[in-house]
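Remarks on the overall topology
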Amino acid sequence: MERIKCLIIGSGPAGYTAAIYAARADLKPVVYTGMEPGGQLTTTTEVDNFPGYPKGVDGPSMMVELQQQAERFGTEVRIGHVTEVNLSNEAGGIHTAVVDGATKIEAETVIISTGASAKYLGLPSEQRLRGGGVSACAVCDGFFYKGQEVAIVGAGDTAAEEATYLANICTKVTMLVRRDVMRASKAMQHRVNNTPNIEVLYNTEVDEVLGEQVVEGLRMKNNQTNAVSEIPITGLFIAIGHQPNTAIFKGQIDMDDAGYIVTEGKSTKTNRPGVFASGDVQDKEYRQAVTAAGTGCMAALDAERYLGSLGAH
Ligand code: NDP
């Protein structure tokens, strides 16, 4: 069976940054890309907030560049999806992963960078218009709706925070809350309620996103009265939570109630020696490409130090 020093699972900014650092430290990392090579950024158009791109860059191009940078130092990038893991519980123990249900590989260290996926409502009109005005990231895409009217769905801290973010850019933000209360903290609700250009509609759900190629409006339904109404908007932001991609690690890696991997203190260490987590899979709060890249760097440094402490590197 093939044995490697450093297995990196996932190919978003966290995985590739971990690979750049691990390769430069001569850990000869192997990256398995997962089902969405390049991660969430490949579904974004323009990325304007990653340092070093003064003119912005489109998400897929940025991920190709990150991959090339990792490969330049000897990272091996393989198309494949890790479907099963067996993570050792002993310092210096060997971890095993199964790729695509078939190939087994052994690794001295594992960096989990499998990310998180935004939840969507699941309406056909919403899915059709993703990339055409439907977005799950206000910080990424809000700027494109400058001076326009938008709507946001959700009532948690993310929705409240993104609503106030959008209110600074857009002329009007309609916030759809499915119950008669918001889940967001009182402080966040206060901010929303004190922002004059945010209108909160309670007991309201999306019936259909209107528009053929791009979003032109929203048909909404009051779930108490069944009254249907329409508003003109150009952008619809879905902020109903994220799902960390951690199913294959359940029972082995410690997670919080929402399934995010718990790391030790400021480090990327998990509860298993030699297994580290970086990026959105362990961060439900910041979720930015640059913060993911930062923790990817940390994970590679933690892996290198771990091997050093064993005298293995
Ligand atoms: P949450 O799970 O907290 O909230 C999701 C929201 O989406 C809920 O209000 C929920 O409604 C609503 N929702 C879910 N499904 C649907 C649907 N199908 N239709 C309409 N609405 C729906 O996710 P968040 O992303 O907001 O937050 C995740 C975690 O991150 C939380 O712990 C949060 O506190 C934290 N966070 C903290 C921040 C901060 O402190 N600055 C900033 C951002 C996040 P309902 O309430 O009815 O269930």
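Cut-offs applied
Residues numbered from 1 in each chain as written. Predicted model: local features only at pLDDT ≥ 70, side-chain atom pairs only at ≥ 80, totals over all residues. Heavy atoms only, no water. Disulfide = S-S within 2.5 Å. Buried < 20%, exposed > 50% of the residue type's maximum accessible area, 1.4 Å probe, protein only. Helix = DSSP H or I, 4+ residues; strand = E, 2+ residues; numbered from the N terminus. Arc of directions from axis to C-beta. Pairing = 2+ DSSP bridges. Right-handed = clockwise from strand over helix to strand, strands pointing away.

Digging into the state of the cysteines
- This structure, assessed with the given rule, holds 1 disulfide.
- The partner cysteine of Cys137 in its disulfide is Cys140, sulfur to sulfur 2.0 Å. Classification of the bridge connecting Cys137 and Cys140 rests on its S-S torsion, roughly 75 degrees, and on that basis the disulfide is right-handed.
- The exposure class of Cys137 is buried, given its relative accessible area of 17%.
- Overall, the relative accessible area of 25% leaves Cys140 in the partly exposed class.
- As a non-bridged cysteine, Cys6 has Cys297 as the owner of its nearest cysteine sulfur, 13 Å distant.

A word on helix α6 (residues 186-193)
- Within the span of α6, buried status applies to Met188, Gln189 and Val192. One side of α6 carries all its buried residues, which in axial view fall inside an arc of 100 degrees. The exposed residues of α6 that point more than 90 degrees off its buried face are Lys186, Ala187 and His190.

A look at the pairing of strand β13 (residues 198-201)
- The two faces of β13 differ: Ile198 and Val200 on one face are buried, but Glu199 and Leu201 on the other face are not.
- As defined by bridge partners, strand β12 (residues 172-176) adjoins β13 across 4 bridges and the pair is classed as parallel. What sits directly across from Met175, in β13, is Val200.
- Each parallel crossover has a hand, and for β12 linked through α6 to β13 it is right-handed.

The values reported here are purely geometric and, on their own, carry no functional implication.
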